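# Commentary on secondary and tertiary structure
Residue-level listing of the chains:
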Amino acid sequence: MNVRVRFAPSPTGFLHIGGARTALFNWLYARHTGGTFVLRIEDTDAARNTQEATDVILHGLRWLGLDWDEGPASNNPAGPSKGDYGPYFQSQRGEMYKKRVQELKDKGMAYESEGAVKFKMDRNPIVIPDLVVGDVRRELTDREQVDPDFVIIRSDGQPVFHFVNVVDDLDMRITHVIRGEDHLTNTAKHIALFRAFGVEPPKYAHIPLILNPDGSKMSKRDTGASLQSYMDDGSAPEAVVNYLCLLGWSPKENREKLPLEEIVKLFDLPQVLRHNARFDLDKMKWLDGEYLREMNDDRFRELGAQALRRAGFALDKYPADYVKAALTTCKGKIKRFGELGAYAGFYFSDEVKIDPALAEKEFTDEAKARVKKLRAAFEQLPQFVAAELEKALKATAAELGIKAGPLVHPTRLACTGAAAGPSLYHLLEILGRDKVLQRLDIH
Ligand code: GLU
């Protein structure tokens, strides 16, 4: 069977990590089976349906690297290419829904009722064969015993979620519906609709919810609930992807850090855990640190540059070689890209901000006089390179009859604004003679 799965978010202006994880599990299953991953925006609720809300979803998926495989062709004159497809939008599929309502009416499975259209619901218990949860048997609720039929087209003409969701899964030939467990309560309705159309429903896999560390339901405002917060904190997308995998899925042997290619190989629905997942910020931070440490230099610089731009640094004002060299000095020194603004912002600022308390402690008159001597030595250097800078600093210290430390500290503070940071001689070389001399001119 050719597996076809989909992520079907409603555009709410917010991508919850539960949603991101649903997208990821669908994507992983498609990649694992060599199937197709479809993105469908469930935007029939016109009031919430804005371009910005859709962009939040697209941006989040792209950031995570979850590429979708098909959709209506883009407006690209060269024709659609992979990654260039628009997603499907329910708001553009009104004609399809009309046809499908007519089909149900023709079969006697739907009827007009007070201006709306209602579906004739199956009166028998429905068993949902779920690949994660096992068989779930749904009986009609007390209220449904009285009238189990439900509205599929509202009196204002708007089709209802259950209906469009099923029609699309049917038309898009979805083979596996992988979605949050909160939808389990809707699934009997969906199965009945599929059967009314005369087709077998897809296979279902309802994945457990993500809870707060204290076991409560995660709401919008809880720490880590929004994918955006990981971008803002400067997490690496690969670390977030790895982390999301662990929320509800577990490879054997309790392994936690796994490269994506390996996850794709191992991922399968029977291994999705049945119990709810607990959000664990410490684990996320740990993974962030691990990924950063092992990341190759190019990727580190790419993500580092993004983080600095997001933090408001105008990187484009600086030559590419300068940016590259500056970021290279940060490799292995930070745990999260969110730290980079504070750690390396001095490379990309015209003026260094120095904490007044630190300045008072470090810039004593004596220290100023020493730095002045060092500045004069730096000025004379024929080559402004790390090895020469180090020699000059050590020679100046020897002349002054002091150790290197009392010269290193005020120099670092004056040039970077901080007491710690990248290797001093390297950062001085990168900043260059003009900036260093200007910053060492302490008043
Ligand atoms: N639009 C629904 C949601 O965002 C999709 C449910 C489904 O995946 O079937 O929850």
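Preceding this paragraph is the structure being described.
Everything numeric in this text was worked out from a predicted model, so none of it was measured.

On the secondary structure map, lysine 324 appears in helix α12 (residues 320-328). Its relative accessible area of 44% is what places lysine 324 among the partly exposed residues. Residues lysine 324 and alanine 305, 19 residues apart in the sequence, show an inter-C-alpha distance of 8.8 Å.

The environment of the ligand is made up of Arg6, Ala8, Pro9, Ser10, Glu42, Phe161, Asn165, Arg179 and His183. A distance of 2.7 Å separates an oxygen atom of the ligand from a polar side-chain atom of histidine 183. Isolated, the ligand exposes 300 Å² of accessible area, and the fraction of that covered by the protein chains is 81%. Of all the cavities here, the one that holds the ligand is the largest pocket. Looking at the shell around the ligand residue by residue, the classes come out as three nonpolar, three polar and three charged.

Under the criterion given, the structure shown has 12 aromatic pairs. Ring centres 6.3 Å apart and planes at 90° place the aromatic pair tyrosine 322 and tyrosine 347 in the edge-to-face group. Of this pair, tyrosine 322 sits in helix α12 while tyrosine 347 sits in the loop between α13 (340-344) and α14 (356-362), and the two are 25 residues apart along the sequence. The exposure class of tyrosine 347 is buried, given its relative accessible area of 0%. Taken together, the aromatic side chains of Tyr318, Tyr322, Phe346, Tyr347 and Phe348 make up a single cluster linked through ring pairs. The lysine or arginine in question, lysine 189, covers the ring of phenylalanine 150, its NZ or CZ lying 5.5 Å from the ring centre.

What follows deals with the side chain of threonine 329. By the element assignment, threonine 329 lies in the loop between α12 and α13. Note on threonine 329: relative accessible area 14%, which makes it buried. Only 2.6 Å separates the side chain of threonine 329 from the backbone oxygen of alanine 326, close enough to count as a polar contact. Beyond its immediate sequence surroundings of up to four residues, threonine 329 is in contact with Tyr347, Pro422, His426 and Ile430.

In this section: the sheet that holds strand β4 (residues 110-113). Taken in spatial order, the three strands line up as β4-β5-β8 in an open sheet, and their pairing is antiparallel. Edge positions in the sheet fall to β4 and β8 (150-153), since each has one partner strand and no second. Put simply, the sheet's adjacent strands are angled 45° from each other on average, direction ignored. With four bridges joining them, β4 and strand β5 (residues 116-119) adopt antiparallel strand pairing. Note on β5: the bridge partner recorded for glutamate 112 is valine 117.

With 17 residues, helix α1 (residues 17-33) extends 24 Å between its outermost C-alpha atoms, agreeing within 8% with the 24 Å of an ideal straight helix rising 1.5 Å per residue. In terms of burial, α1 is a largely internal element, 14 of the 17 residues being buried. Looking one or two residues beyond α1, the residue adopting positive phi is glycine 34, at roughly 70°.

For a regular strand, side-chain orientation follows a simple rule: the groups alternate between the two sheet faces. When you tally the buried positions in strand β2 (residues 36-41), you get six out of six residues, the bulk of the element. Because side chains alternate across β2, one face comprises the buried residues Thr36, Val38 and Arg40, and the other comprises Phe37, Leu39 and Ile41, equally buried. Here four bridges tie strand β1 (residues 4-7) to β2, and the two strands are oriented parallel to one another. Bridge pairing links arginine 4 to threonine 36 in β2. Regarding the hand of the β-α-β motif, the stretch spanning β1, α1 and β2 is right-handed. The sheet contact formed by β2 and strand β3 (residues 88-89) spans two bridges and is parallel. Looking across to β3, one finds that arginine 40 is bridged to tyrosine 88.

Rules used throughout
- Residues numbered from 1 in each chain as written.
- Predicted model: local features only at pLDDT ≥ 70, side-chain atom pairs only at ≥ 80, totals over all residues.
- Heavy atoms only, no water.
- Helix = DSSP H or I, 4+ residues; strand = E, 2+ residues; numbered from the N terminus.
- Buried < 20%, exposed > 50% of the residue type's maximum accessible area, 1.4 Å probe, protein only.
- Near = heavy atom within 4 Å.
- Polar contact = N/O pair within 3.5 Å; in protein donor to acceptor, adjacent residues only side chain to side chain.
- Areas by Shrake-Rupley, 256 points an atom, 1.4 Å probe, with all protein chains shown as cover.
- 1 Å grid on protein atoms, 1.4 Å probe; cavity = no way out; pocket = protein on both sides within 12 Å on 5 of 7 lines; lining within 4 Å.
- Sits in = over half its atoms within 2 Å of the grid points.
- Nonpolar A, V, L, I, M, F, W, Y, C, P; charged D, E, K, R; others polar.
- Phe/Tyr/Trp six-rings, centres within 6.5 Å; stacked < 30°, edge-to-face > 60°.
- Lys NZ or Arg CZ within 6 Å of the ring centre and 35° of its normal.
- Contact = heavy atoms within 4.5 Å.
- Pairing = 2+ DSSP bridges.
- Axes fitted to C-alpha atoms, helices over the stretch in contact; angles between N-to-C directions.
- Expected span 1.5 Å × (residues − 1).
- Right-handed = clockwise from strand over helix to strand, strands pointing away.

No statement about biological role is implied by the geometric values presented.
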